[in-house]
Every structure is written in C-alpha cells, then in structure tokens.
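Below are the chains, spelled out letter by letter.
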Amino acid sequence: MVPTIKRLATAPGGRRTKWLVLGAWLILLFALGPLAGKVGDVEENGANLFLPKGAEAAQVNDQLERFRTDEILPAVVVYAHQGGITDGDKAKAEADREALADFAAKGQVPPATASEDGEALLLTVPMVDSDDIIGDVEKVREIAAANAPPGTEIKVTGPAGSLADSVSVFDDLDGTLLMGSAIVVTVLLLLIYRSPVLWIFPLIGVGFAAVLSQAVIYLCVKGFDLPVNGQSGGILMVLVFGVGTDYALLLIARYREELTRHQDRHEAMQFALRRSGPAILASAATIAIGLACLLLADINASRSLGWVGAAGVLCGFVAMITALPALLVLAGRWVFWPLIPRHGQTSRAEHSVWARVGSAVAHRPRWSWLMTAAVTGVLALGATGISLGLTNAEMFTTTPDSVSGQRLVAAHYPGGASAPTDVIAKASAERQVVAAVERTEGVSGVRPTEYTPDRELAHIPVVLADDPDSAAAEATIERLRENVHEVGDTDAIVGGPTATVMDTRAGAERDSLLVIPVVLLVVLFVLIALLRSLVAPLVLLATVVLSYFGALGASHLLFEHVFGWGGMDPSLPLLGFVFLVALGIDYNIFLMTRVREEVALQGHARGVLAGLTSTGGVITSAGVVLAATFAIFVTLPLVTMAELGILVGIGVLLDTFLVRTVLVPALALDLGRAMWWPGGLYRRLTARAAQERAPRRDEPEHAGV
C-alpha cells in the first residue's frame, strides 16, 4: 500500500507518467473550463448574508417575503436646500415623482414629504426588487440629478440606494481580484527567480488551480446547495493565487536543490516530491481544515467562506503537486536560465543571509526569543480598545451617494426616516403591538400597517428618532424588542437595518467563542501527527497566536490613526484568526519539517540552523507573495475587505520575518532536544547524547580523582 502511494505521489516526475498527468489535466480543463466562470451565477447576496441563522432580524427578513409577491425595496430621493425649499425645488420633486412612476410598484409614487425645518423634501419610490434593480437605481439617480435647481443638493439613498452601492463593490469582483493577483504574482516571481522563463510555470499551475476551484465550487453549489456569496467568491481567487504560489515556490526550491544532486531531472523531481510533498500536504490539510471550522459559525457569510476557502486550497494543492511538476520536468533545466542548476554544483545557502541570521540567533537564543516576543507583545497592545461594528456610512472607503443621502436625511428628518425598523406580529394583535411601539422611548412615529394577503401577519414600519447607525438607535431597538415581546400571544419580532447590525455583532461574538478553540485543537492535532512530538506543536501554536495578536494590534492602529476608519467589522477578528493561524502554521510547517529532517542527520543545534538556512529564502519569498496578494483587498472601496487584507498581510509578514526567522529557531535552540519530546526523534537524540558522554573503553576512568 505504502509503495503504491509513493509511486502515485511521484508520478508527475516520471518519464512516461508525466504525460499521463498532463493529459488528465487537459481533459479536466476541457470538461470543467466552461463551468469556471459561472460561480457568479449561483452567488447569493441576500439580506441575511451577514446575519446569524436564527437571528431575530433574519426571521423578520424571511417573514417580509409573505407580505408581497414582489419584494419592495424603497429608493429615497432627498432634496436639500440650505435656507429653505423654493418653488423650483417643489416643482423639481413633483416632476421627478411623475418620471419615477415607471420604476415604482403599481406605477405610484407618494407625494414628497417636507421636513419640519423647511429645508428638505423626501420622495420615496417603492421600487420592485428585481434582477434589474441596480440598473434601475442608476436610472433613478440620472433622473434626479437632471436639471437640479441652483443651490439644491439631490441624493438617492434608502435600501435600494444602499444595495446599489454595495453591489457595485462586488460587481466583477472575481475578475478584478483575479487580474490583480495575476499581476502581483507575476511581478514578484520575476523578482524572486530573476529568470525570464521560470515565472511562467507557477502561474500556469495557479491558473489550473483557479479553473478547477471555480468549477468545483459551482458543482458543489448546484449539487449540494452549499452557500456561496460575492465575498467568499472574491477571497477564493486571492487565496488560490497566494497559497498556490507558496506551494510552487517550495517545490521549485527543493527541485532546484535536487538537480544539483541528480543528473536525471526526472529523478530529481521525484526526490523533490518525496521530500517536500509531506510538508505541502500538511500545509494544505491544516489550512483547509482550519477554514472548514468556519462551517460551525452561525453567520452565513462565514460558513460560505469556510467551505469555499477550503475547496480552493485543496484544488491549489492538487494542481501544484501534479500539473506543475509534470510541466517542469517536461521543459527541462533550461527553465532556470540564466541561473541553471548543474549536477554537482555546491549550495550557496551556507553563505546566505539566513546562515548569518541563524548564527546570530544561535549565539544568544534566549535573548533572541525574549526580545522577539516582547516586540510582538508591544504590537498586541494596540488591540486594546477595539470598536467592533461599522455603520452603513463607515462600510465604504469612499463616500457613495447613499451615504451622502443618509446624512442629508439625518440632518433634516428623524434619523430613521430613510431606513425604518420593521416590526412583524400577528395581525389580530396589531393594536397592542402598535401601542407598545408608540410608548417606546426613541420612537419618532409609526407608518401605516401592511398585511399579508391572508391577513395573518401585520408589518408595522417604525421610524426611529435617531440615526439608524447610531448607538442611541441600538438602545431604542433593545427597548422596542423588550416592549413588544412583553405583549402576550403576538409573536412580535423586530428587524430592520439597526437590528441587523446588532444581531450581526452578537453572532460574530458567539462564533468567535465557538470556532477559535476548535481551530486551535484541530491545528494542534495536525502538528502532533506531522512532527510526532508534543512540545514542538504547542510551541508553534503559541507563537502563531502571539503573532495574530501582534497583527491585530498593529492593524487596529493603522485602521484608527492612518486610514481613519470607524471600527472593525464584527467578523474580522474571527476570520483574521482562522486565516492567520492556518497560514502562520503553514510557514512553520515548511520550516519545522525541514528542521526535523536535518536534526535527524546532524543533531539538534546544527539541524535547526541547517533547516533555517535552507528554507529561509523560499519561505520569505512565499510570505511576501501571500501578503502582497491579500494586500490587493486594500484597493477595494469596501472597508470590511480592506481590513481583512491588511490584517492578513501584516500577520503573514510578522510570521515570515519575525516568528519563523527568529522566534521559532531561538525557542528550538533554547529548549534543545526537549523540543521533540516525547517522540522517537527525542529518544534517539537522548541516546546519542548519552553515548557521547560515556567514556571510551580505551580511556582510563578517573572516578574519585
């Protein structure tokens, strides 16, 4: 069984089997290629995307479906004129009312409502939520902006306006991130390899992985009804490019090394696959299992990201240990030109910068790891005072039309006028519920009640006195829920924009308490199985957790003091933790599997330094590539995506340049052979040390002298 597995694992490097591997890939790409571009067709970006499954706001969104055959999504046009609305403003609003009737349900738009201060008009267009809603909102904006009276500011906001601005962020997101990732990886590979040819091969392998992953995800959604959305679909491309390139760098580095030891390139690739394959497999398994733990989360978007990310990593792993090796051995040594590795050529790693770093760490290991831990701990202090939650206005790095419009509404109307709170209850209990709503502090008014066609449920729109994104509005929602729940036998539930933010934050906190311990346990078990030790996995896990908090603190300082963002997305700490623990362990796996190999040959201290020296360049290159691909998120106008990119990027760089370079080697040197306790390597090292201490038979004993 084991020999069969080994033959299969090295098949991409065989003289004949490489052709079989490439042929299988061509057939696979021909069959699945047409499906790769269809992930966007099955993405679900509904109202419950970022809500927990059983949240009250999610229940309200589900119940609202019963009130109409066509879901109504209001667009709110606000006309503001400092100093007072003029006759020209009123005429403009009335003309727009007639023109916008074509976009309204039943062709009717209610008359504009004037503000109490006389400086604004509010026109609510009850649009039908259809497949063309985004385009319709843009047409509404064009009509509203045309022939605006001098001095009048006109904005389109409300649920329809906010949806249009949010969806525009995800419009062609997959293609944008795919192109950005390809450009970043290409530039970095050119700099890393300094070859006009070699960079093409990892990029081809990643391209194979991208097609396979998108096709697999589309088939899983269609076949098993798994959730996927625009966020997870966009992150997929970055993850596949980043992780896939990392695996390519590790394999090619080992292949280059083996080419100096073997005349036959096929033999060199087979040895490279045997020696680097277990580390790549362990890395892919750790990341995939860690991401899959997100399936335990309550928030829909987190669950989607979990299985989508895991599938992408596994597809990247398959492509990089099959298609890439076959392509490399098919091409020959010349792909490394001008730095072609020759048989018998000595390694330059012993004289590299990583050899000097290892020597410095070995000189004072305890001082090295204490200082590194202290620096990371200081960065972690920046995580104190984190504010979780982003208002609708804070969700964007720019200021879209809907946010500007919401500010105008808040300045001239009750804060919740453009985004009412939704109360659903039994129709028979409408009067009692309305009475409970009206006596709630912070409620400005109640709009006319709507009923389901069967008259079983009542929908009571409630206007809050405060801006729906404010803390005061959240306090009102808490009082409102308490009051309506106290009314007996009404089944009353409260949802809407403010309630959605509250339920999302609460769900994210619950998910963190559940998922984070599970991820730690899963990663620990994988490391124990890989390193056959208990101490080393615990040490590695502790360093990655420390690195995470350092990255979180540094990111928070950037968010608050450099970018001026209002806070963190509630799901960011959890998603950042899962990504950074999985990806941080990734580099430690690359390092420690090589260290373990060298320790078995050279002893503990020499093996640690040899492992650091031989893997230093490739792991650093891999870290830079992965951090750069995640940094692409910063170019998006959505704060949540930009924050995730910054957090993961900083964490990966900390792992690459501080944790893996100094902290882990220093701890390994300070702990000595105890690092491998209680496995077989620890016992062999202990026996070897005892043998070295024992006096030789031909030497006289000096006991008692």
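Here's what I pulled together on the structure shown here. All figures in this text were calculated on a predicted structure; none of them were measured in a lab.

What counts, and at which threshold
- Residues numbered from 1 in each chain as written.
- Predicted model: local features only at pLDDT ≥ 70, side-chain atom pairs only at ≥ 80, totals over all residues.
- Heavy atoms only, no water.
- Helix = DSSP H or I, 4+ residues; strand = E, 2+ residues; numbered from the N terminus.
- Buried < 20%, exposed > 50% of the residue type's maximum accessible area, 1.4 Å probe, protein only.
- Contact = heavy atoms within 4.5 Å.
- Areas by Shrake-Rupley, 256 points an atom, 1.4 Å probe, with all protein chains shown as cover.
- Pairing = 2+ DSSP bridges.
- Axes fitted to C-alpha atoms, helices over the stretch in contact; angles between N-to-C directions.
- Polar contact = N/O pair within 3.5 Å; in protein donor to acceptor, adjacent residues only side chain to side chain.

On to the overall build of the chain, then. Within the chain, the regular secondary structure consists of 22 helices and nine strands. Structurally, the chain occupies a C-alpha span of about 110 × 65 × 50 Å along its principal axes. By residue count, 56% of the 705 residues in the chain fall in the buried class. Within the chain, counting contacts between residues at least 6 apart in sequence, those at least 24 apart form 80% of the total. Summed over all atoms, the accessible surface of the chain reaches about 30,100 Å², with 59% contributed by carbon and sulfur.

We now examine the sheet that holds strand S1 (residues 72-80). Strand pairing in a sheet relies on backbone hydrogen bonds, with the paired strands running either antiparallel or parallel. Taken in spatial order, the four strands of this open sheet run S2-S3-S1-S4, and their pairing is antiparallel. Of all the strands in the sheet, the pair left with one neighbour each is strand S2 (113-114) and strand S4 (153-157). Summarising the sheet, S1 and strand S3 (residues 120-128) pair through nine bridges and their orientation is antiparallel. Bridging across to S3, Ala75 finds its partner in Val125. With respect to the sheet, helix H5 (residues 133-145) is in contact with S1, S3 and S4, its orientation differing from that of S3 by roughly 150°. In the packing of helix H14 (residues 401-412) onto the sheet, contacts are made with S1, S3 and S4, and the angle to S4 comes to roughly 110°.

Glancing now at the environment of Asp454. Relative to the helices and strands, Asp454 resides in the loop between strand S7 (450-451) and strand S8 (457-464). Separated by 387 residues in sequence, Asp454 and Phe67 have C-alpha atoms that sit 9.1 Å apart. At 3.2 Å, the side chain of Asp454 and the side chain of Arg66 are in polar contact. Only 2.5 Å separates the side chain of Asp454 from the side chain of Thr452, close enough to count as a polar contact.

With respect to the secondary-structure elements, Ala492 resides in the loop between helix H16 (471-486) and strand S9 (493-495). For Ala492 and Arg481, which are eleven residues apart along the polypeptide, the C-alpha to C-alpha distance reads 8.4 Å. With residues up to four places along the chain from it excluded, the contact list for Ala492 reads Glu56, Ile424, Ala425, Val433, Val484 and His485.

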